[in-house]
Amino acid sequence: MLRRLQRFWRVECAVADDNWHGLHAAPLKDGYEPLDWRSADPRAQRVRVRSHTCECERVVYALCRAGGRMFIRRTVRAAGGVEVSETDWFAGVRAERPWGLLLEGFVG
Ligand SMILES: [Zn+2]
């Protein structure tokens, strides 16, 4: 039932207002590859968010850049608080590939 409601909401909010909603990551596919999520340590004074998934979801992903490196940040909002974790920091634009795979549901 919950899955059905989530699917309904995802479709509805995409249809209701395309201008307000951002990217929605696809549900994880069978056999998806888990990413290595680590606790988010402040390693740079300035982090630029290049892209992010929609704030209407409980889990929000962001493709971030700092000091010539890129990584994906995951923010999980739960009743107990917010948990933030990150992938490895990749040189150059190498994080764009896992970012695309994450949006398609192949990694997560
Ligand atoms: Zn949304």
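Please read these numbers as outputs of a predicted model, since none were measured by experiment. Every chain is numbered on its own, with residues counted from 1 as its sequence reads. A pLDDT threshold of at least 70 governs which residues receive local features in this predicted model, and a stricter bar of 80 or more applies before side-chain atom pairs are shown or counted, although totals over entire chains, interfaces and linings include all residues.

### Considerations on the overall build of the chain
- Here a helix means four or more residues in a row that DSSP labels H or I, a strand means two or more in a row labelled E, and each is numbered from the N terminus. On a plain count of helices and strands, the chain comes out with 2 helices and 6 strands.
- Each helix and strand of the chain, placed in order from N terminus to C terminus, yields the pattern α-β-β-β-β-β-β-α.
- Once C-beta atoms are placed from the backbone, each residue is buried if 20 or more other C-beta atoms lie within 10 Å of its own, exposed if 12 or fewer, and partly exposed for counts between those two. Put simply, the chain has 108 residues, and 14% of those count as buried.
- Across the chain, contacts joining residues at least 24 apart in sequence account for 49% of those joining residues at least 6 apart. What counts as a contact here is a pair of residues whose C-beta atoms, placed from the backbone, lie within 7 Å.

### A few points about helix H2 (residues 96–104)
- Regarding H2, the residues found buried are Pro98, Trp99 and Leu102. Down the axis of H2, the smallest arc covering the buried residues is 105 degrees, so these residues share one side. Turned more than 90 degrees away from the buried face of H2, the exposed residues are Arg97 and Gly100.
- Residues of H2 that are buried sit in contact with strand S3 (59–66) and strand S4 (69–78).
- Just beyond H2, the residue with positive phi is Gly105, at close to 90 degrees. Comment: arc refers to directions from the helix axis out to C-beta atoms.

### Comments concerning the pairing of strand S2 (residues 48–52)
- Strand pairing is assigned whenever DSSP identifies at least 2 bridges connecting the two strands. Across 4 bridges, S2 lies against S3 in antiparallel orientation. By the bridge assignment for S3, Arg48 is matched with Arg65.
- Where S2 folds back onto S3 in an antiparallel hairpin, the turn is made up of 6 residues.

### Topic: the confidence of the model for the chain
- Mean pLDDT over the chain stands at 86; residues scoring 70 or higher make up 82%.
- With pLDDT under 50 throughout, residues 11–16 is counted as low confidence; its partners more than four residues away or in other chains account for 4 contacts. Within a predicted model, pLDDT stands for the predictor's per-residue confidence, ranging from 0 to 100.

### Details of the environment of Val49
- Structurally, Val49 can be placed in strand S2.
- When the C-alpha atoms of Val49 and Leu63 are compared, they prove to be 5.8 Å apart, with 14 residues separating the residues in sequence.
- Non-local contacts of Val49, meaning those with residues more than four positions away in its chain, are made with Ala62 and Cys64.

### Things to note about the pairing of S4
- As defined by bridge partners, S3 adjoins S4 across 8 bridges and the pair is classed as antiparallel. Bridge pairing links Cys64 to Phe71 in S4.
- Adjacent in sequence and paired antiparallel, S3 and S4 are bridged by 2 residues, among which Gly67 carries a positive phi angle near 55 degrees.
- Pairing analysis gives 2 bridges linking S4 to strand S6 (residues 90–91), with the strands arranged antiparallel. Within the sheet, the bridge partner assigned to Arg69 lies in S6 and is Ala91.
- The pairing of S4 with strand S5 (residues 81–86) spans 6 bridges and is antiparallel. Note that in S5 the partner of Arg77 across the bridge is Val82.

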